[in-house]
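Each chain, letter by letter, is given below.
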Amino acid sequence: MDISTTVKFLCNHLKTSSTIYTHSLDNAEALSNHNEVDVYLLGGKFNHENRFFFDVNLASYINDIYFDKTFLGAAAIREDGIYFSNIEDAVIKRLVAKRSKEVILLTDSQKFNRMSSYKGIGWSDIDTIITNENLPDNFRQQVEENKIEIKLIHDSPPNGTKI
């Protein structure tokens with residue numbers, strides 16, 4: 001689970017027994033109260049602004065892990081891919097996406113057609129997009145070409161729903 005306020009929301013509502021890897025201090029803190037969740041915090045130098053850790057040796061560590069599911073947020077979603085505000089964060093997301101069985105982009109609708117600095121992943125890397133509104137029409141082609149599943153949700157899961 002990467003850095004993102006939307007992904008942190010998922011961490012706060014996680015109800016299933018899981019093994020979670022994250023480089024986000026906020027996600028690790030949110031998951032620390034879930035006894036049924038094993039949390040692995042990927043380390044390195046702390047980025048104070050966006051509250052994540054990064055180290056150049058992280059790539060070799062990530063290359064030894066195969067992830068069942070990866071939940072990624074986004075700073076911006078453009079027609080040519082998914083963008084992030086830090087190059088180090090974009091590198092981690094690119095590496096993890098390549099090592100994942102399923103990549104889920106968890107984002108609010110405000111991120112579409114925004115600008116950010118660093119492209120992390122392309123549309124072909126995404127399996128599912130979970131968002132709160134229908135995607136803008138200019139993204140229809142990317143979704144169809146890459147057979148991306150779209151799931152619309154509201155602010156909180158229905159009672160009894162396990163995340």
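Our subject is the structure that appears above.
Since the model is a prediction, treat every value here as computed from it, not as a measurement.

A. Geometry of the sheet that holds strand E6 (residues 76-78). With antiparallel pairing, the three strands of this open sheet are ordered in space as E6-E7-E9. With partners counted over all chains shown, the strands left at the sheet margins are E6 and strand E9 (118-121), one partner each. Strand after strand, the sheet turns through a mean of 40° between neighbouring axes, direction not considered. The sheet contact formed by E6 and strand E7 (residues 81-84) spans three bridges and is antiparallel. Paired with Arg78 across the bridge in E7 is Gly81. Relative to the sheet, helix H4 (residues 87-98) contacts E7 and E9, its axis offset from that of E9 by approximately 15°.

B. Quick peek at the nonpolar core. In terms of nonpolar packing, the biggest core is built from 18 residues, with Ile77, Ile82, Leu105, Trp123, Ile126 and Ile129 touching the most fellow members. Looking at this core, the elements that each hand over two or more residues are E7, H4 and strand E8 (100-106). Contact partners of Ile77, with chain neighbours within four places excluded, come to Ile82, Leu105, Thr107, Lys111, Phe112, Asn113, Arg114, Trp123 and Phe139. Within the second largest apolar cluster, 13 residues are counted, among which are Val7, Leu10, Cys11 and Ile130.

C. Geometry of the pattern of salt bridges. Scanning the model with the defined rule gives six salt bridges in all. Note that Lys93 and Asp2 form a salt bridge whose closest N and O atoms lie 2.2 Å from each other. Of the two residues, Lys93 sits in helix H4 while Asp2 sits in the segment before helix H1 (5-13), which places them 91 residues apart along the sequence. This pair shows no difference in class: Lys93 is buried, exactly as Asp2 is. Salt-bridge contacts for Asp137 lead to Arg140; the nearest nitrogen and oxygen are separated by 2.5 Å. Taking the relative accessible area as the measure of exposure, Arg140 reaches 47% and is therefore partly exposed.

D. Spatial organisation of H4. The end-to-end C-alpha distance of H4, which contains 12 residues, comes to 17 Å, matching closely the 16 Å that a straight helix rising 1.5 Å per residue would cover. On its buried face, H4 sits against strand E4 (52-54), helix H3 (58-62), strand E5 (67-72), E7, E8 and E9.

What counts, and where the lines are drawn
- Residues numbered from 1 in each chain as written.
- Predicted model: local features only at pLDDT ≥ 70, side-chain atom pairs only at ≥ 80, totals over all residues.
- Heavy atoms only, no water.
- Pairing = 2+ DSSP bridges.
- Helix = DSSP H or I, 4+ residues; strand = E, 2+ residues; numbered from the N terminus.
- Axes fitted to C-alpha atoms, helices over the stretch in contact; angles between N-to-C directions.
- Contact = heavy atoms within 4.5 Å.
- Core = buried A, V, L, I, M, F, W, Y, C linked by side-chain atoms within 4.5 Å.
- Buried < 20%, exposed > 50% of the residue type's maximum accessible area, 1.4 Å probe, protein only.
- Salt bridge = Lys/Arg side-chain N within 4 Å of Asp/Glu carboxyl O.
- Expected span 1.5 Å × (residues − 1).

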